[in-house]
Amino acid sequence: MTTMDDRPPTPRALIDELEGHLLIEATKAEGRAEAARFTHSLACLTDTQREEVEERFTDTYLALTRCSWERTARRGRELCAEYEARYRALRRRLCAVYLLGAALALVAFVSVSRR
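Now for a quick tour of the structure. What you are looking at is a predicted structure, and each value in this text was computed from that prediction instead of being measured.

Here we look at the overall build of the chain
Moving on, step 1. Assigned secondary structure in the chain consists of 2 helices and 0 strands.
Moving on, step 2. A compact globule built from 115 residues would reach a C-alpha radius of gyration of about 13 Å, whereas the chain, at 29 Å, exceeds it by more than 25%.
Moving on, step 3. By its C-alpha atoms, the chain is 100 × 40 × 15 Å across when sized along the principal axes.
Moving on, step 4. The buried share among the 115 residues of the chain stands at 8%.
Moving on, step 5. A sequence separation of at least 24 residues applies to 41% of the contacts in the chain between residues at least 6 apart.
Moving on, step 6. Carbon and sulfur atoms provide 62% of the accessible area of the chain, an area that totals close to 9,900 Å².

Here's the deal with helix H1 (residues 11-40)
Moving on, step 1. For H1, built from 30 residues, the straight-helix expectation of 44 Å at 1.5 Å per residue is met to within 8% by its first-to-last C-alpha distance of 43 Å.
Moving on, step 2. All of the buried residues in H1 are Thr27, Gly31, Ala35 and Thr39.
Moving on, step 3. The secondary structure elements touched by the buried residues of H1 are helix H2 (47-114).

Brief notes about a nonpolar patch on the surface
Moving on, step 1. Taken together, the side chains of Leu106, Phe109 and Val110 define a hydrophobic patch exposed on the protein surface, amounting to about 300 Å² of accessible area.
Moving on, step 2. We classify Leu106 as exposed; its relative accessible area is 54%.

Topic: H2
Moving on, step 1. Compared with an ideal rise of 1.5 Å per residue, which puts 68 residues at 100 Å, H2 spans 99 Å between its outermost C-alpha atoms and is within 8% of the ideal.
Moving on, step 2. Listed as buried for H2 are Thr58, Leu62 and Thr65.
Moving on, step 3. Taken together, the buried residues of H2 touch H1.

Reading the values: rules and limits
Residues numbered from 1 in each chain as written. Predicted model: local features only at pLDDT ≥ 70, side-chain atom pairs only at ≥ 80, totals over all residues. Heavy atoms only, no water. Helix = DSSP H or I, 4+ residues; strand = E, 2+ residues; numbered from the N terminus. Rg over C-alpha atoms; globule rule 2.2 N^0.38 Å. Buried < 20%, exposed > 50% of the residue type's maximum accessible area, 1.4 Å probe, protein only. Contact = heavy atoms within 4.5 Å. Areas by Shrake-Rupley, 256 points an atom, 1.4 Å probe, with all protein chains shown as cover. Expected span 1.5 Å × (residues − 1). Patch = residues over 30% accessible without salt bridge, like charges linked within 9 Å, V, L, I, M, F, W, Y side chains within 5 Å. Salt bridge = Lys/Arg side-chain N within 4 Å of Asp/Glu carboxyl O.

This is the structure in structure tokens:
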């Protein structure tokens, strides 16, 4: 894995990629386990049918999980943008208050020093 400018990936990027692969593999294992539990209750299935149902169940499980992750990531980005906008607004207000206070202090200092 290299970036577009041919720099080697950072350790954090490698760790993130590894965590992603591990998460996907764990989800696949969960899907297979749930599929096996589901098909175990269906005694009427042949071995071939059971394998096909388990495979489809696992694929569906992984697809639903991926959709859930994407919604969660999208919402996280939305919240991050909202909080950043709120932070910028608060920072602007604080700067305005600080400048107003400094201006008032300067006016008070000048008026006291002229007496």
